[in-house]
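Single-letter residue listing:
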Amino acid sequence: KVNAARTPQVALLGAGPIGLAAALLLARAGLSVTVFDARAAEAARDDRRLLALSRGSLQLLRPLLGARAPRMAPIVDVHVSSAGEFGTVRIAAGDLDDSAPGAGEPLGATAFYADLLAALTAVAGDEPGVEVRRPLRATAVEQRADGVTLRLVDDAGVETSFTADLAVHAEGAPPADARGTVTWALIAPLQLRGAAAGDAFERFTREGPLALLPAPPTQGAAWSLVWCMDEQQAARRGALDDAALRAELQQAIGPRLAQVTAIGERRALPLPQHERAQIAGHRVAWIGNAAQTLHPVAGQGLNLGLRDAYALADALARLRGDVPAALWQYAQRRGADRSAVTRIARWLPPLFATRLAPVALARSLGLTALDLLPPLRRQWARLLMFGLRD
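Presented here is a report on the structure given in the accompanying data block. (Residues numbered from 1 in each chain as written. Predicted model: local features only at pLDDT ≥ 70, side-chain atom pairs only at ≥ 80, totals over all residues. Heavy atoms only, no water.)

1. Observations regarding the overall build of the protein
Part 1: Along its length, the protein carries 9 helices and 21 strands.
Part 2: Taking 21 Å as the expected radius of gyration for a compact globule of 390 residues, we find that the protein reaches 21 Å, a close match to that expectation.
Part 3: Its C-alpha atoms give the protein principal-axis dimensions of roughly 65 × 45 × 40 Å.
Part 4: Residues classed as buried in the protein amount to 51% of the 390 residues present.
Part 5: Counting contacts in the protein only where the partners sit at least 6 residues apart, residues at least 24 apart contribute 71% of the total.
Part 6: Surface summary for the protein: the accessible area is close to 17,200 Å², and the carbon and sulfur share equals 55%.
Part 7: In the protein, which carries 43 positive and 38 negative side-chain charges, the distance between the mean positions of the two groups comes to 3 Å. (Helix = DSSP H or I, 4+ residues; strand = E, 2+ residues; numbered from the N terminus. Rg over C-alpha atoms; globule rule 2.2 N^0.38 Å. Buried < 20%, exposed > 50% of the residue type's maximum accessible area, 1.4 Å probe, protein only. Contact = heavy atoms within 4.5 Å. Areas by Shrake-Rupley, 256 points an atom, 1.4 Å probe, with all protein chains shown as cover. Lys, Arg positive; Asp, Glu negative; His and termini not counted. Charge placed at Lys NZ, Arg CZ, Asp CG, Glu CD.)

See the structure below:
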């Protein structure tokens, strides 16, 4: 146990958005946090990946960021459909009833990875309880009865060590023994005609889901494409000229949703997926991508990770004198939410990819039911916005 009168020391590995948000939450819960990251501070300065933040995530980040919040694009309506089939759903901000936290706010918002990371880095730099050290890579985390020891190495190969009461793995690559799959996604900025500001689209195709997300203001782009497919198709489409790619994309989204008028530089990215069976053990915890990486369908990965960070900080604040008990409580609290969201991300793409007629009819009827039954649609929206509350 840790003396409750002493400030527990946390070693946190990973200074990405989840890691820095966790560091701020832990520091404001009264813990002292040292963050280690293998990258230099400027490594992600030009990362233009678009992150989808749910209403629940915005409510968590707002008090952390304050006036330093990055530019964002609100998500007001989400249109869900399946290519070539009947049944569509429009999920609007108003579908969340008055009892939902933040009634009247948008469903969520998008922000560029680099912008959100820069904002969190600036706030962490001013937080008395947070210290960020980089570039330092952890080569080992050794647990003891009363704490942990990290073995670290810098870019010059100089080794050092650091002791703490607990270690938190945040983000990073999946472990070498992780079981999972890899999805590829084609990402590109877009201009659309026929879509209103704040409209987001989730279009299921037989190849994989296709998302069109409103993007923060930039030169020449108002939406961003995330189109999931296999590696061969991602490579082929990534090599197409603008006109050919725009034609294939328009065929995939159909004529009714919107018209693609321009497409910018595209990238094909591998998106590995994995899930840890255990996210806490004695004096070590895993959050965010270190705990699970998800298929991008429904944009739940970052939001799930932020809920990990909040639950961990809350458990340690409540039981700061007993770190193992706090980590056990953290793992118990995250069980239902992680299970529900990871299964949604795992099963939705193959469910909508199959061409079996009975399954196709069932998914069309399911979308129709969501559209026609507001209570059902409201429960689905609440799960995506806030997860399963403990």
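2. Let's talk about the sheet that holds strand 11 (residues 159-164)
Part 1: Ordered in space as 9-10-11, the 3 strands form an open sheet in which the pairing is antiparallel. What marks the edges here is a single partner per strand, and that holds for strand 9 (136-143) and strand 11. For this sheet the average axis-to-axis angle between neighbouring strands, irrespective of direction, equals 25°.
Part 2: Here strand 9 runs beside strand 10 (residues 148-154); their pairing, made up of 7 bridges, is antiparallel. Along strand 10, the bridge assignment pairs alanine 138 with leucine 152. (Pairing = 2+ DSSP bridges. Axes fitted to C-alpha atoms, helices over the stretch in contact; angles between N-to-C directions.)

3. Some remarks on the environment of arginine 389
Part 1: Counting through the fold element by element, arginine 389 comes out in the segment after helix 9 (374-386).
Part 2: Taking the relative accessible area as the measure of exposure, arginine 389 reaches 56% and is therefore exposed.
Part 3: Linking arginine 389 and arginine 333, residues 56 residues apart in sequence, is a C-alpha distance of 8.7 Å.

4. Topic: the packing of helix 6 (residues 301-318) against helix 7 (residues 323-353)
How two helices sit against one another is set out by the angle between their axes and by the gap between those axes.
Part 1: Relative orientation of the contacting elements helix 6 and helix 7 amounts to 160°, with a least axis distance of 8 Å. Taken together, the axes of helix 6 and helix 7 lie roughly antiparallel to each other. The crossing of helix 6 and helix 7 is right-handed. Residues Leu304, Arg307, Asp308, Tyr310, Ala311, Leu312, Asp314, Ala315, Leu316 and Arg318 of helix 6 form the contact with helix 7, whose own contacting residues are Ala326, Leu327, Gln329, Tyr330, Arg333, Arg334, Asp337, Arg338, Val341 and Thr342. (Parallel < 35°, antiparallel > 145°, perpendicular 65-115°, else oblique. Left-handed = near helix turned anticlockwise from the far one by under 90°.)

5. Observations concerning unusual backbone geometry
Part 1: Going from arginine 134 to proline 135, the amide bond is cis rather than trans, its omega being -10°.
Part 2: Mapped onto the elements, proline 135 comes out in the loop between strand 8 (130-133) and strand 9.
Part 3: A positive phi is found at histidine 282, a non-glycine position, where the angle reads about 60°.
Part 4: Mapped onto the fold, histidine 282 is located in the loop between strand 19 (280-281) and strand 20 (284-287).
Part 5: The backbone phi angle of alanine 298 is positive, close to 70°, even though this residue is not glycine.
Part 6: Checked against the element boundaries, alanine 298 lands in the loop between strand 21 (292-293) and helix 6.
Part 7: On the accessibility criterion, alanine 298 (26% relative accessible area) is partly exposed.

6. Re the nonpolar core
Part 1: Judged by nonpolar contacts, the single largest core of 66 residues is most densely connected at Leu12, Leu61, Leu150, Ile287 and Tyr330.
Part 2: Top contributing element to this core by residue count: helix 1 (residues 17-28), with 9 residues.
Part 3: Beyond its immediate chain neighbours, meaning those up to four positions away, leucine 12 contacts Gly19, Ala22, Ala23, Leu26, Val33, Thr34, Val35, Phe36, Val168 and Ala170.
Part 4: Membership of the second largest hydrophobic core comes to 22 residues, among which are Val80, Leu294, Leu367 and Phe386. (Core = buried A, V, L, I, M, F, W, Y, C linked by side-chain atoms within 4.5 Å.)

7. Describing the pairing of strand 10
Part 1: Counted residue by residue, strand 10 has 5 buried out of 7 residues, so it is predominantly covered.
Part 2: Here strand 9 folds back onto strand 10, and the loop between the two strands holds 4 residues.
Part 3: One ladder, built from 6 bridges, connects strand 10 with strand 11; its direction is antiparallel. The residue bridging valine 153 from the neighbouring strand is glutamate 159, located in strand 11.

8. Side note on the side chain of serine 224
Part 1: For serine 224, the location among the structural elements is in strand 16 (residues 221-229).
Part 2: Each residue touching serine 224, except ones within four places of it in the same chain, is listed here: Leu50, Ile187, Ala188, Pro189, Ala211, Leu212, Leu213 and Ala215.

9. Quick word on the pattern of salt bridges
Part 1: In total, this model carries 25 salt bridges according to the counting rule given.
Part 2: The salt bridge involving aspartate 146 is made with arginine 144; its shortest N-O contact spans 3.3 Å.
Part 3: A salt bridge links glutamate 248 to arginine 237; its shortest N-O distance comes to 2.7 Å. Within this pair, whereas glutamate 248 is found in helix 5 (residues 242-257), its partner arginine 237 is found in helix 4 (residues 231-238), the two being separated by 11 residues in sequence.
Part 4: Residue class for glutamate 248 comes out partly exposed when judged on its relative accessible area of 22%.
Part 5: Three or more residues joined by partner-sharing salt bridges are found here, namely Glu207, Arg236, Arg237 and Glu248. (Salt bridge = Lys/Arg side-chain N within 4 Å of Asp/Glu carboxyl O.)

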